[in-house]
Amino acid sequence: MKVKTDDILNDQTGIIQRITDFHRSLSFEMDDLLNKLELKQESIRLFGKTIPQPRLSRFYADDGVSYVYSNQLFTGIPWTDELIELKQKSEEIAQTTFNSGLVNYYRDGNDSMGLHADNEPELGRNPVIASVNFGASRKMVFRKNGTKEKFEVILNHGDLLVMSGALQHNWKHEIPKQRRIADPRLNVTFRKILG
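What counts as what
- Residues numbered from 1 in each chain as written.
- Predicted model: local features only at pLDDT ≥ 70, side-chain atom pairs only at ≥ 80, totals over all residues.
- Heavy atoms only, no water.
- Helix = DSSP H or I, 4+ residues; strand = E, 2+ residues; numbered from the N terminus.
- Polar contact = N/O pair within 3.5 Å; in protein donor to acceptor, adjacent residues only side chain to side chain.
- Contact = heavy atoms within 4.5 Å.
- 1 Å grid on protein atoms, 1.4 Å probe; cavity = no way out; pocket = protein on both sides within 12 Å on 5 of 7 lines; lining within 4 Å.
- Points joined across faces, edges and corners; volume = space filled by probe spheres on them.
- Nonpolar A, V, L, I, M, F, W, Y, C, P; charged D, E, K, R; others polar.
- Pairing = 2+ DSSP bridges.
- Axes fitted to C-alpha atoms, helices over the stretch in contact; angles between N-to-C directions.

Visitor: Just give me the short version of the side chain of Thr 80, but keep the residues and values in it.
Guide: For Thr 80, the position within the fold is in the loop between strand E7 (72–75) and helix H2 (81–94). Among the polar contacts made by the side chain of Thr 80, one reaches the main-chain amide nitrogen of Leu 83 at a distance of 3.1 Å. When residues no more than four places from it in sequence are discounted, the contact partners of Thr 80 are Leu 33, Lys 36 and Tyr 60.

Visitor: I'd love a proper account of the layout of surface pockets, names of residues and values included.
Guide: Reported here for the largest pocket is a volume of approximately 440 Å³. Among the secondary structure elements, those contributing two or more residues to the lining of the largest pocket are strand E5 (56–61), strand E6 (66–69), strand E8 (100–106), strand E9 (113–116), strand E14 (171–175) and strand E15 (185–191). Residue composition of the lining of the largest pocket, grouped by class: 13 nonpolar, 10 polar and nine charged. Every residue lining the second largest pocket is counted, 14 residues in all, and those nearest its centre are Ile 44, Leu 46, Arg 55, Tyr 69 and Gly 114. Counting residues per element, the ones that place at least two in the lining of the second largest pocket are strand E3 (43–46), strand E4 (49–52) and E9. Here the lining of the second largest pocket takes four residues from E9, the largest share from any one element. In the lining of the second largest pocket, the residues fall into nine nonpolar, four polar and one charged.

Visitor: Go over the sheet that holds strand E13 (residues 160–164), please, and point to the residues and values.
Guide: With respect to topology, seven strands assemble into an open sheet ordered E1-E2-E13-E10-E15-E8-E5, the strand pairing being antiparallel. Each edge of the open sheet is held by one strand with a lone partner, namely strand E1 (4–11) and E5. Across this sheet, the average inter-strand angle for adjacent strands is 15 degrees, counted without regard to direction. Relative to E8, E5 runs antiparallel, the two being bridged by six bridges.

Visitor: Explain the sheet that holds strand E11 (residues 138–144) residue by residue, including any values.
Guide: The strand order across the open sheet formed by four strands is E9-E14-E11-E12, and the pairing between neighbours is antiparallel. On the outer flanks of this sheet lie E9 and strand E12 (150–155), each paired with one strand and no other. Taken over all neighbouring pairs, the strand axes of this sheet differ in orientation by 15 degrees on average, direction set aside. Across four bridges, E11 lies against E14 in antiparallel orientation. Note on E14: the bridge partner recorded for Phe 142 is His 173.

Take a look at the structure:
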C-alpha cells in the first residue's frame, strides 16, 4: 500500500506521523464499521466523582486483555471483522503489533477527550499508538510538559496518526470541544498492552 506520510514531530521528545487517505486501503466504509460496534457511554472517576464520559466508547481486544483507565478496569470484548482488518493495516504502517483497540465516538463537537498522556505502565516505556479517524475533521492539541509550547493537528476522515518514541513522556494531547461541528467522528486507537 502506497501512503503519504507527514512527519509532524520527529525529535528526542517524540515522533508523530500522519498518514492521509489511509482509509482507501480498507474494504469497508465508516458506516459498515459503526453498525457493528457495541458503543456505550462509560463513566469514569474524576476528582472523587463518577461522571459520564463526554463521548461513546468501547474497548476491543484479544482474549484476556484488559486496561486500567481513570482507576477503572476495562476488559476487552471480541473484535469485529472490520476492526481486525483495521488493526492489521495499522500494524503494517506502524511496524508493530497491537492487541487492543479503544473506540471513541464523538457525536458532534460537544463531545471531547481531556488532556492526557498514554503513559500507563502496561503500555511499556515508549509505546507505539496508532489512531484511525473517520467522519468529521477534528483538532488534536499537543501540549509539551512543563512549558507553554503547543501545536494542533487536524485529523481528517481516513487519516491514521502514529505516535511513538518518547512522546508520551514529554507531551500530552486532547480532543477539545468544537461546538460548531455538527457531524460525528469515529476514532479507533490501537495499543499493545503488556501482560
